[in-house]
Amino acid sequence: MATIQDVAKAAGVSAMTVSNVINGHPNVRPATRERVLEAVDRLGYRVNVAARNLRRGRTGTICLAVPEINRPYYGRLAASIIAAAARHGLRVSIEQTGARRENELAALSLSRNRLYDGLILSTVGMGPADVGALDVDHPVVILGERIFGGPVDHVAMPNEAASEAATRHLVERGCRRIAIVCGRLGGEVDVSSLRHAGYLRALAAAGLPADPELVVTAGSFTMQEAARRVRERMAEGLAFDGVFCVTDTVAMGVLRALADAGVRVPEQVRVIGFDNVDESAYLVPSLSTVDPDHDLMAERAVTLLAARIERSGPGPEREEFTGPFRLVVRESTGG
């Protein structure tokens, strides 16, 4: 295998000049650059990226830690992060936290030990009380709900505004008893509490009562759990003409429960989800949903992380970025 010294000898220049050409430094004469590149091509020289990264104290690999890799949303997120990272010359290693607080904290504390240049962490279990754990000595970007006062960059979905728009869409389609299927609501700020807040805002704006009976809580955001809980509530006599589901996966379970009960969608009940996963367009009926622009959020998260990696030291104040969204109206709401 050719070395940088072989290229330098063939091109009649120093090894430093070859390095400058390979790294795109501007202060190399065009004729010299052309001669070096010709020698590189002729000798089949390949840059040893691992050695170069080692000299720079980097591995060229970042970590993406997500709750579950077998959910459609996180699969879509991972694909977008990998594509964005490639544009920055980075590779991605994926870890699963199981939506458990202790595993998210472990991902934060062990990221440097595992030779990652930085970490993109999708938080579910962590909350505002864990702010101190974010004070680490390596670049971190948080994806998910706001960690108040956190010392790291944060990329969030427009949870409240998008949920309000989704619920308002159901109101505009004539729904008056709108259920929400979400996780358990407690004191912590999480995806359920934020999307429930948007749901309540839309009801208030339409002059509709916020009936606690219409809040269907599920133990997890799975199709099975969502279907089970909706079947239970319908068996108890709960009546509704619209459903806002906090994820598309939840909405898939709700559609199954309604179909099993002989309820026609959208004729009798209209359903809207959140995430615009690829599968949502191919359901029968196809699912109306919120599209939070996954690609833009992924690009922003990777760009922020790459900038912190390149800076290798104290930088500007952390950045809070909330992405845009759009409603995708399909058959499940009469689109």
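Values in this document were obtained by computation on a predicted structure and should not be read as measured data.

Mapping R318 onto the fold places it in the loop between α11 (294–311) and β11 (320–322). On the basis of relative accessible area, R318 is assigned to the partly exposed category, the value being 28%. In sequence terms R318 and G150 are 168 residues apart; their C-alpha atoms lie 8.3 Å from each other.

With that settled, consider the nonpolar core. Among the nonpolar cores identified, the biggest contains 66 residues, and I81, I120, F240, F244, V254 and V271 are the most heavily contacted of them. Here this core takes 8 residues from α11, the largest share from any one element. If we ignore the near neighbours within four places in the chain, the residues touching V271 are L170, V243, C245, A251, V254, L255, L258, V265, L287, S288, S332 and T333. Counting residues in each nonpolar core, the second largest holds 13 residues, with Y116, L119, L134 and I142 among its members.

As summarised here, the arrangement of the 6 strands in space is β2-β1-β3-β4-β5-β11, forming an open sheet in which the pairing is parallel. A single partner strand is all that each edge strand has here, and the edge strands are β2 (91–96) and β11. Sheet twist, expressed as the average angle between the axes of neighbouring strands with direction ignored, equals 20°. Pairing of strand β1 (residues 61–66) with β2, which is carried by 6 bridges, proceeds in the parallel orientation. Pairing of T61 across the sheet is with R91, part of β2. Running at roughly 175° to strand β5 (residues 153–156), α11 makes contact with β1, β3 (119–123), β4 (140–144), β5 and β11 of the sheet.

Looking now at a nonpolar patch on the surface. Together, I69, I82 and I94 line one region of the surface with nonpolar side chains, adding up to about 260 Å² of accessible area. Summarising the element assignment, I82 is placed in helix α5 (residues 72–87). On the basis of relative accessibility, which here comes to 40%, the residue I82 falls in the partly exposed class.

Our focus in this paragraph is unusual backbone geometry. V265 connects to P266 through a cis peptide bond whose omega is 10°. Inspection of the secondary structure assignment puts P266 in the loop between α10 (248–260) and β9 (270–272). With an omega dihedral of 0°, the bond running from V284 to P285 counts as a cis peptide bond. A positive phi angle, close to 135°, is found at D275, a residue other than glycine. Residue placement: D275 occurs in the loop between β9 and β10 (289–291).

Checked against the element boundaries, V265 lands in the loop between α10 and β9. With relative accessibility at 14%, the residue V265 sits in the buried group. Sequence separation between V265 and E299 is 34 residues, and the spatial gap between their C-alpha atoms is 36 Å. When neighbours within four sequence positions are excluded, V265 is seen to be in contact with L255, L258, V271, P285 and S332.

Procedures and definitions
Residues numbered from 1 in each chain as written. Predicted model: local features only at pLDDT ≥ 70, side-chain atom pairs only at ≥ 80, totals over all residues. Heavy atoms only, no water. Helix = DSSP H or I, 4+ residues; strand = E, 2+ residues; numbered from the N terminus. Buried < 20%, exposed > 50% of the residue type's maximum accessible area, 1.4 Å probe, protein only. Core = buried A, V, L, I, M, F, W, Y, C linked by side-chain atoms within 4.5 Å. Contact = heavy atoms within 4.5 Å. Pairing = 2+ DSSP bridges. Axes fitted to C-alpha atoms, helices over the stretch in contact; angles between N-to-C directions. Patch = residues over 30% accessible without salt bridge, like charges linked within 9 Å, V, L, I, M, F, W, Y side chains within 5 Å. Areas by Shrake-Rupley, 256 points an atom, 1.4 Å probe, with all protein chains shown as cover. Salt bridge = Lys/Arg side-chain N within 4 Å of Asp/Glu carboxyl O.

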